[in-house]
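So the chains spell out like this:
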Amino acid sequence: MKTARANESGGAGEAEEALLYEKLAGRKVRCELCSRYCTIADGALGWCACRENRGGTLYSLTYGKSTGFAIDPIEKKPFFHFKPGTRSLSFGTPGCNFHCLNCQNWFMSQAPKEAERAFDIPSTVPEKVARMAMGADGVAYTYSEPTIFFEYARDCVLETRKLEEKEGAPKKDARYHVFVTNGYFSKECFDAVEKEHLIDAMRMDLKGFNEKFYQKTCGASLEPVLESIKRVHKSKMHLEIISLIIPTLNDQKEEIRAMSKWVAGLSKDIPLHFIRFFPYYKLSHLPQTEEKTLLKAREIAREEGLKYVYIGNTLLEGVEDTRCPKCGELLVARSALQVTLNKIEDEKNPRCPACGTKIPIVF
Ligand code: SF4
Ligand code: SF4
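Residues numbered from 1 in each chain as written. Chains lettered and ligands numbered in written order. Predicted model: local features only at pLDDT ≥ 70, side-chain atom pairs only at ≥ 80, totals over all residues. Heavy atoms only, no water.

(A) Representation of the overall build of the chain in the model. In terms of helices and strands, the chain carries nine helices and 17 strands. The C-alpha extent of the chain, read off along each of the three principal axes, is 60 × 50 × 30 Å. Here the chain holds 363 residues, and the buried ones make up 53% of them. For the chain, the share of sequence-separated contacts (at least 6 apart) that also reach a separation of at least 24 residues comes to 65%. Charge centroids of the chain, computed over 53 positive and 49 negative side chains, lie 2 Å from each other. (Helix = DSSP H or I, 4+ residues; strand = E, 2+ residues; numbered from the N terminus. Buried < 20%, exposed > 50% of the residue type's maximum accessible area, 1.4 Å probe, protein only. Contact = heavy atoms within 4.5 Å. Lys, Arg positive; Asp, Glu negative; His and termini not counted. Charge placed at Lys NZ, Arg CZ, Asp CG, Glu CD.)

Here it is in structure tokens:
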């Protein structure tokens, strides 16, 4: 059952009945969207303050409440091994199922918990998002956490596909859809994404490699994130991982080694991005990450066998480039998150032009 949908002319619209929840006795519900599995009493909100139980029915408050529309290079997400050089329509909604002390988008991600009228913004219906997507190569569901606007993201994907079909676009020119996610989505959510082939690629956070860090800094747990990464890796979706290195909190060499070893255990081909932290929000008292720490992290990850390790948020030269792991040939050069050179000739069968090694990049 759905309540009245948001209208395109910018009306505030109404909430949409949630997907992925179970009705319990006493008009309670159990939300199955993310690994928190909140049990929510009638009239109450879930942990994320984005889903509300109204009389035993769970509603998504984020539906249509998109904001921050921009067309960005896919490298900005960052994806370095998926559709390099393309541009993605990017947006998010208020809300998140984490509470990271360093959140760059805290005014958006934490708004439902901290501000009274977080959702009192004009709605953008999926049909309109689909029309905007026609001006880009794909769509990135990003900025906050796409899991908490899953119903909306799903409809945006389906509407985009419908519009492409209507316009007679060949399948090969279909827009891609990517999630930029903290990886806390539930198995049920992941299964729903897979069942309808909604998402082509996920850029997932691995914010640290110890439980204490996840609890203290993100208000969450590490294990569900690892499970999600394993699921995505096993699926047909393309996967890239980023890790923000925060001085004193998750920059210990042993932890970086353990994380790298774990990722390499899944596949040495998974791109791993170490990102520089800048003091912000509730971690303004910490210094920015030193470049030597990031370079050391890259060295450790390479020692553990990872073939594609990148450094982000610095002016260091060459740290965003892709080189052949066998012969060292420069394959894709990037600067300021844009592709400046691409030496891979056959994009259907990407190989190093110097030694022929197969390179896992999806063009
Ligand atoms: S999305 Fe997660 S945090 Fe939000 S209500 Fe559902 S289970 Fe709870
Ligand atoms: S998961 Fe991302 S959006 Fe959510 S609070 Fe953390 S940094 Fe912010």
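Past the structure itself, the notes keep going.
(B) Region of interest: the environment of H233. Looking at where H233 falls in the secondary structure, it is placed in helix α7 (residues 222-234). For H233, a relative accessible area of 29% corresponds to the partly exposed category. For the pair H233 and I311, spaced 78 residues apart in the sequence, the C-alpha separation amounts to 22 Å. In this structure, H233 is in contact with L239, L266, S267 and I270, ignoring residues within four places of it in sequence.

(C) Quick look at the state of the cysteines. For the coordinates displayed, the defined rule picks out zero disulfides. Distance from the sulfur of C355, which forms no disulfide, to the nearest cysteine sulfur (C324) is 3.6 Å. For C355, a relative accessible area of 33% puts it in the partly exposed group. (Disulfide = S-S within 2.5 Å.)

(D) Just unusual backbone geometry, in detail. Here the residue pair K77 and P78 is connected by a cis peptide bond, since its omega of -10° sits within 30 degrees of zero. Mapped onto the secondary structure, P78 falls in the loop between β7 (67-73) and β8 (87-92). Even without glycine at this site, R27 takes up a positive phi of about 60°. Relative to the assigned elements, R27 resides in the loop between β2 (21-23) and β3 (29-31). Within the chain, N313 stands out as a residue other than glycine whose phi angle is a positive 75°. The residue N313 is located in the loop between β14 (309-312) and β15 (322-323) in this model. On the basis of relative accessible area, N313 is assigned to the partly exposed category, the value being 43%.

(E) Molecular detail of the packing of helix α3 (residues 126-133) against helix α4 (residues 150-166). Closest axis-to-axis distance for the α3/α4 pair is 8 Å, and the angle between their directions is 55°. In terms of their interaxial angle, α3 and α4 are classed as oblique. For the element pair α3 and α4, the recorded crossing hand is right-handed. Here P126, E127, V129, A130, R131 and A133 of α3 lie close against α4, whose contacting residues are Y152, D155, C156, E159, T160 and L163. Residues belonging to the contact of α3 with α4 are distributed by class as follows: seven nonpolar, one polar and four charged. (Axes fitted to C-alpha atoms, helices over the stretch in contact; angles between N-to-C directions. Parallel < 35°, antiparallel > 145°, perpendicular 65-115°, else oblique. Left-handed = near helix turned anticlockwise from the far one by under 90°. Nonpolar A, V, L, I, M, F, W, Y, C, P; charged D, E, K, R; others polar.)

(F) Structural context of the site of ligand 1. Around ligand 1 sit C31, L33, C34, R36, Y37, C38, I40, G46, W47, C48 and R51, and that is every residue in its neighbourhood. Taken together, the residues that form the shell around ligand 1 break down as eight nonpolar, one polar and two charged. (Near = heavy atom within 4 Å.)

(G) Seen up close, the sheet that holds β15. As summarised here, the arrangement of the three strands in space is β15-β16-β17, forming an open sheet in which the pairing is antiparallel. Edge strands, defined here as strands with exactly one partner in the open sheet, are β15 and β17 (338-342). (Pairing = 2+ DSSP bridges.)

(H) Local environment of the nonpolar core. Core analysis: the largest hydrophobic core is formed by 81 residues, its most contacted members being F98, Y141, M202, L206, Y214 and F274. If near-sequence neighbours (up to four positions away) are discounted, Y214 is found in contact with F98, D205, L206, K207, G208, G219, A220, S221, L222 and V225. In terms of nonpolar packing, the next biggest core, distinct from the first, is built from 10 residues, Y310, V332, I344 and C352 among them. (Core = buried A, V, L, I, M, F, W, Y, C linked by side-chain atoms within 4.5 Å.)

(I) View of the sheet that holds strand β5 (residues 51-54). Spatially, the three strands line up as an open sheet ordered β1-β6-β5, and their pairing is antiparallel. Edge positions in the sheet fall to β1 (16-17) and β5, since each of these pairs with one other strand and no more. As paired strands, β1 and strand β6 (residues 57-60) are joined by two bridges and run antiparallel to one another. Bridge pairing in β6 links E16 to S60.

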